[in-house]
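# Fold and contact review
Each chain is listed here by its residues.
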Amino acid sequence: MGRTFSRPGAPGSGSLGLELGGGAGSLAAVERPLVYLDHAATTPLRPEAFEAMRPWLTERAGNPSGGHSAARAARAAIEEAREVVATCLGAAPGEVVFTSGGTEADNLAVTGVLARRGGSAVCSAVEHHAVLHAVERSGGCTVTVDAAGVVDLDALAATLDGGVSLVSVMLANNEVGTVQPLDAVAGVVRRAAPGAVLHTDAVQAVAWVDVAAAAAPADLVAVSAHKFGGPQGAGALVVREGVELEPMLVGGGQERERRSGTQNVAGIVGMAAALEATVAQRPVVEPRVRALRDRLVDGLAAAVPGCVESGRRDTKVASIAHVLVDGVESEALLVLLDEAGLCASAASSCASGALEPSHVLAAMGVPRALAAGSLRLSLGWPSTDGDVDRAIDIVADAVRRLRAGGAAIDLPAAGARG
Amino acid sequence: MKVLVAMSGGVDSSVAAALLAEAGHDVAGVTLKLWGGASDRGCCSVADVDDARRVADQLGIPHYVFGLADDFSTGVVEPYVAAHAAGRTPNPCVECNRHVKFDRLLRRALAMGFDAVATGHHARIERTSAGRWRLRRGADAAKDQSYVLHMLGQAHLARVLLPVGGLTKREVRSRAAAMGLRTARKPDSQDVCFVAGSDRRAFLGGRIPLHPGRVVDTSGQEVGSVAAVELVTVGQRRGLGLPGGTHEPRYALAVDVAARTVTVGSEDDLSTTETAVEGWTWVDAPAAGAVHAQCSAHGEALPATLDGGVLRWDAPRRRVAPGQSVVLYDGDVVLGGGTAA
């Protein structure tokens, strides 16, 4: 093979003391640590999770379905993890089905219930694609939200009837952070479609909301480890006693015939350790991060002309700062932020990595032109005051440069005829 | 210089990025997502984006994806469909360059602080001793793409780089192979990128009504029929429902969508001595007098005289299909171009 080019400059190191990436590449003139504010996409592995996983990634082996001592040890490890996860999520151990992550858990909930019970599915218009696409594929329908992204309970009631077998309303939104009133949703579902199963995608909520309490009215609850300091590739679906669903994966019959496939022992053990730490530290971390987030949003609004917060702050999880920057394109802004060492995001990306127009902002009634300038900065347990200060400076500078650069362009209009 | 390279996932733009990085420029790659869903094949496929991203990784440059589907739809696909609906033969690559790559993308790149946008097109940009920018054919005559870049003016050329324009395709591939780029042996792209399987009938049929039409000779007598007048191109010989054998070859002379009629005639009837051109753009000063003019992407440039917007051909030639770009050259230097009326 031929030679390869080496990347100029050494990789940057994050404010966590962890290496989060390769810096901003050759465009970074000066080496700086990354400001990582994309915790809603993935948050770093907690040390507790890493320590719990280490033996299962190194000296220990064992298929939990086997019969010998090594297998029994692996089995014991995942069952212990199951108990921890169950306690943290307000479920019984037998109600926890381990999956490969949030998407599989959401898919299993929607597809599994419909396959077993027939009927149709209804979800909010702001669901994550893992729910939305599963519901759309089944021919189901969506329910509108208000300007803050909160599901319209009257519209929900109007949509429900005896033919609906599954309702899915997320606990916290992944783009703007809106927390749904699940108690009230459950009340509507019990009245208008008493036979329906209520699923909630709690993937973005776990780190910030007491899911054991908040998701108590739901029959199915999906979580994903890497959103709260566990590893990628591990998740769970809580399936309450008596709720039946058809497995999507068949084979060895693991997870009580609800999800075949050898369990990801290290991942499950890491998820449990991360969840336990998350729940234990939440009373301290949540208010600290909430204060950081508030300062970040207020700081951006003050430093960046034409920058407004989307939705309503009092309906949001502590971690998400979501703003709309007038006259700026997210795709261009994100590149400048990346160059400056700030990891951020906007709407969800499609498979190619291109930004798609946000279905969440559209559902909230944000005009498409304004939605095109959206920016999501999501904080996590390791976030610091320094991250907030630098993020405000970097965003303000990038927006200033984009606007000045745009104003200075002296190209003739496309198709201008000579 | 800070350069944004438009990387399609093909070998030309891969090598363009590599050459710029090698030359020490501050390079970032971008792949445009213009069309289609998350499909694995065809234009803007995930596979192509993956190729571009992996090449960028190998070069040690950042890579981004810009979704410009709205602009592509408005500036390229809708006009393409509308032109066919009017019985014309559009050139979507030209419109993509005009509206998307060298307008939308270039503007965004400049706003972002890039000094230039680079692409893998086979054409050459040079600066004359008088300080003017010049656009020339690529070094590889068989791969030359100057035709689809004719709309670039001085302001564009000052901010565009075409790093592979001085190389033959063979040289591009051997450079890519020498650098171990995964795109070294990737086949060249073909046809209109957004028309899946090159099936114009299916693509257009899903967007506009296609009308069966009569095929008449120059005396007005019906001699055949076509399934869709919108798909007929002036100069076309096959697919006109005409009996073969003893007749001399007959060609489409004109397409009248409103009347659902295609008029056919002999090669002599198809012959013309002048072509009206509209919507001229000029690389530098407007041209006049003796020029060479090329009327399709891979056509030959023929001598003509430009006279007030009308090209008078030195020798009679086949009629130019309305909607095609007509590009004027002085030797291998692009002067400008317009659209056949």
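### What to know about the overall build of chain A
Helix and strand counts for chain A stand at 13 helices and 12 strands. Over its C-alpha atoms chain A spans a radius of gyration of 23 Å, differing by no more than 12% from the 22 Å that the globule rule assigns to 418 residues. The contacts of chain A with a sequence gap of at least 6 include a subset with a gap of at least 24, amounting to 69%.

### Examining the domain arrangement of chain A
Residue and element names in this part refer to chain A. When its domains are assigned, chain A resolves into domain 1 (25-44 + 283-406) and domain 2 (47-277). Computed from C-alpha atoms alone, the centre-to-centre distance between domain 1 and domain 2 is 27 Å. If you look at the interface, domain 1 gives 25 residues, while domain 2 gives 27 residues. Only strand S10 (320-325) and helix H11 (359-363) provide two or more residues apiece to the side of domain 1 that touches domain 2. Considering every element that reaches the side of domain 1 that touches domain 2, the biggest residue donor is H11, with 3 residues. For the side of domain 1 that touches domain 2, the class distribution of residues is 10 nonpolar, 11 polar and 4 charged.

### As for unusual backbone geometry
Residue and element names in this part refer to chain A. In the Ramachandran plot, Arg-256 falls in the positive-phi region, its phi being about 55° despite a non-glycine side chain. Mapped onto the secondary structure, Arg-256 falls in helix H8 (residues 254-257). Taking the C-beta count within 10 Å as the criterion, Arg-256 has 12 such neighbours and is therefore assigned exposed.

### Focus: helix H10 (residues 330-339) of chain A
Because an α-helix packs 3.6 residues into every turn, residues spaced three or four apart end up facing the same way. With 9 of 10 residues buried, H10 of chain A is to be regarded as a mostly interior element. Buried residues in H10 of chain A make contact with S10, strand S11 (342-343), strand S12 (374-378) and helix H13 (385-408) of chain A together with strand S3 (63-67) and helix H4 (92-111) of chain B. Once H10 of chain A ends, the next one or two residues include Gly-341 of chain A, with phi positive near 90°.

### Here we look at the domain arrangement of chain B
All names here are of chain B. Looking at the assigned domains, one finds that chain B contains domain 1 (2-197), domain 2 (209-265) and domain 3 (271-340). Here the C-alpha centre of domain 3 lies 25 Å away from the C-alpha centre of domain 1. In this complex, domain 1 contributes 19 residues to the contact, which on the side of domain 3 involves 17 residues. Broken down by element, the residue count for the side of domain 1 that touches domain 3 peaks at 4 residues, all from strand S6 (residues 133-137).

What counts and what doesn't
- Residues numbered from 1 in each chain as written.
- Chains lettered and ligands numbered in written order.
- Predicted model: local features only at pLDDT ≥ 70, side-chain atom pairs only at ≥ 80, totals over all residues.
- Helix = DSSP H or I, 4+ residues; strand = E, 2+ residues; numbered from the N terminus.
- Rg over C-alpha atoms; globule rule 2.2 N^0.38 Å.
- Contact = placed C-beta atoms within 7 Å.
- Domains from an automatic or database assignment.
- Nonpolar A, V, L, I, M, F, W, Y, C, P; charged D, E, K, R; others polar.
- Buried ≥ 20, exposed ≤ 12 C-beta atoms within 10 Å, placed from the backbone.

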